Amino acid sequence: MSSTTAPVAVDGPPLGTGSQVRAVPWPRVLLLVGVLAVAGLALWARLAALGRSGGAGVMSQGYDDGVYFSAAEALAFGRMPYRDFVLLHPPGIVVAALPFGWVARLTDDPTGMAAARVAWACVGAANAALVTVTARRAGVVAAVTAGALYAVWPPVVRYETSTYLEALGTLAVLGCLALLTVRRAATRPRLQVAAGLALGLAPAVKIWGVVPVVVVLGWVLVTLGARPLGRVAAGAVAAATLVCLPFFVHAPGAMWRMVVVDQLGRGSTPEGTVERLQRVAALGTIGGVADGTLRGATSGGVVALCVAVVAAVLACTRREGALGVALTASGLLVVVLAPSFYDHYTPLVAPYAALVLAAALGALTRWRPAVPTVAAAGVVATCWMWTASSTLVTDRPFPAAELRPALDAARCVTADSPKALVALDVLGRDLRNGCTVAIDVSGATYDAAAMPLLADGTAVVRSMNPRWQSYLMGYLGTGDATLLVRGTSDDLSPASRELFRSWPTLVSRGGYRVRAPRPAPSTDSAEARSRRTSASISS
């Protein structure tokens, strides 16, 4: 009796082909899609904020970014920070913005500044993407949620749209963390050196960047060992030296004084600990509370504190989460203990808080039924903060086009903000003509025009500081035309205000007046006053 066997279908490639069917790496694909989505969201938020600048143009977003861009353009014309003008920070920001300084020199000032702002928006998008990449071990849902929240966090959105220091410092540290959190990082020396090179750029941009460097090096020692620590540290030292040494060689004493002594000796600003933390958490913005009433946002502060504590506890269950907790805590200490505070200090905390959130969500999503809830909460929170960040407003319009014709005949133009010179397209002309240019006008109150601090640690009020009054009016008087754009921030004394108002008005538009300086009654010659002003600015 014969029997037959039915053929059996076998899945797989034909026999003898020598090939194998590889499964699609869906986790990697989903992570890549998430990273691209987060980067796109971040870029959209920042470019939208730039678009809302409207008529303010390059004059929006405050004062400091104009200083850093103008320093880069001055370097493009051969003027060195510390040697030729005041710069109260390490030179990394000038090096990073130098290509756009060259764009301004070859085209015009507003074009260079606009290009720099778009580039900084791209840096912000890269930071959001790096948050997602660094948090990848917490799971795709957790990583994308954290990256998306960082992408639309209101203070971060605002200050990653212009040439501020913090975006670059964040990029450096996150780049290092993304490298150190890859698998088998402990056995890849070249990767460790590359991570160190990225890390060393943080203190080359802002002196407070030393703090995350110390935290990361401590984490490397504990988790990877002594040899990886040596490689990462060597890379960090090499990167910082490469950026800073050329400038230090040209003006060692001045650079040390401005970057270290002046920063540590700055007077304190009036914000208390509670207000600083509330502003870092953007409680005033996302809660609809006006800036002047941030102290009333106590309920939001209590909720934020509870969420932060729970997230930190959950995050510490993984070593990457513990690093995020340490970086967040150190950033908060800097924010609280630093003599001064401004809203653009938020990125000292925000990216690392996002990593803590990712680690906490990763701990929650190990329980699979929680995944949809976490994803839904992340979408709601992201949309909520996107709405808040989309309402950010900028300064009043600056009538640059209407003021420029009155400056055509002026060889040298001065202002209390270098950003005004950029907007009027006269900064490059001043530098080309060899005019005296104060790159950081008010920065002199921490250096050349500084006075000893009061007993309570606060600085001498500018309106009562004779060095500041003499410095500012002396500098403004070196121009053929001048204007003030910072309002009460200059703190002019009654005598200085009277002198400024005595100068003839060349044109008045939109609340701004361009005046023609006249020599003040003095036995000194104008040339001698100019030499004194130049020495004060350069010292």
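Asks: Which parts of the structure should I look at to understand the pattern of salt bridges?
Replies: Where charged atoms from two side chains of opposite charge approach closely, those side chains can pair. A complete count under the given rule lists 7 salt bridges for this structure. Between Glu 160 and Arg 46 there is a salt bridge, with the nearest N and O atoms lying 2.8 Å from each other. Placement of the pair is Glu 160 in the loop between helix H6 (154-159) and helix H7 (165-180) and Arg 46 in helix H1 (residues 26-51), with a sequence separation of 114 residues. As a salt-bridge pair, Lys 419 and Asp 65 come within 2.7 Å of each other at their nearest N and O atoms. Of this pair, Lys 419 sits in helix H19 (residues 418-423) while Asp 65 is found in helix H2 (residues 64-76), placing the two residues 354 residues apart along the sequence. For Asp 65, a relative accessible area of 0% translates into the label buried.

Asks: How do you make sense of the packing of aromatic side chains when you look at a structure like this?
Replies: A ring pair, where both rings are aromatic, is described by two values, the distance of the centres and the angle of the planes. Inspection of the entire model under this criterion finds 5 aromatic pairs. Over the ring of Phe 77 we find Arg 105, and its NZ or CZ is 4.4 Å from the ring centre. Just above the ring of Trp 468 sits the side chain of Arg 462; from NZ or CZ to the centre is 5.4 Å.

Asks: Teacher, can you tell me more about a positive patch on the surface here?
Replies: Taken together, Arg 28, Arg 183, Arg 184 and Arg 188 make up a surface patch of like positive charges. For Arg 184, the position within the fold is in the loop between H7 and helix H8 (189-200).

Asks: For this particular structure, what's the right way to read the state of the cysteines?
Replies: Disulfide: a covalent bond formed between the sulfur atoms of two cysteine residues. For the structure shown, the criterion picks out 1 disulfide. Linked covalently through their sulfurs, Cys 412 and Cys 435 form a disulfide whose S-S length is 1.9 Å. Between Cys 412 and Cys 435 the disulfide shows an S-S torsion of about -80 degrees. By sign, it is left-handed. Taken as a pair, Cys 412 in the loop between helix H18 (400-403) and strand E1 (413-415) and Cys 435 in the loop between helix H20 (427-432) and helix H21 (466-476) lie far apart in primary sequence, 23 residues in all.

Asks: Explanation requested: unusual backbone geometry in the structure shown.
Replies: Glycine aside, residues mostly have negative phi angles, and peptide bonds mostly take the trans form. Unusually for a residue other than glycine, Tyr 82 sits at a positive phi of about 75 degrees. Here Tyr 82 lies in the loop between H2 and helix H3 (92-106). One non-glycine residue, Asp 425, lies in the positive phi region at around 60 degrees. When you line up the elements, Asp 425 lands in the loop between H19 and H20.

Asks: Could you clarify how one ought to interpret the environment of Ile 207 in this entry?
Replies: Relative to the elements of secondary structure, Ile 207 occurs in the loop between H8 and helix H9 (210-223). With residues near it in sequence (within four places) discarded, Ile 207 still touches Pro 90, Val 259, Val 260 and Gln 263.

So, how was this worked out
Residues numbered from 1 in each chain as written. Predicted model: local features only at pLDDT ≥ 70, side-chain atom pairs only at ≥ 80, totals over all residues. Heavy atoms only, no water. Salt bridge = Lys/Arg side-chain N within 4 Å of Asp/Glu carboxyl O. Helix = DSSP H or I, 4+ residues; strand = E, 2+ residues; numbered from the N terminus. Buried < 20%, exposed > 50% of the residue type's maximum accessible area, 1.4 Å probe, protein only. Phe/Tyr/Trp six-rings, centres within 6.5 Å; stacked < 30°, edge-to-face > 60°. Lys NZ or Arg CZ within 6 Å of the ring centre and 35° of its normal. Patch = residues over 30% accessible without salt bridge, like charges linked within 9 Å, V, L, I, M, F, W, Y side chains within 5 Å. Areas by Shrake-Rupley, 256 points an atom, 1.4 Å probe, with all protein chains shown as cover. Lys, Arg positive; Asp, Glu negative; His and termini not counted. Charge placed at Lys NZ, Arg CZ, Asp CG, Glu CD. Disulfide = S-S within 2.5 Å. Contact = heavy atoms within 4.5 Å.

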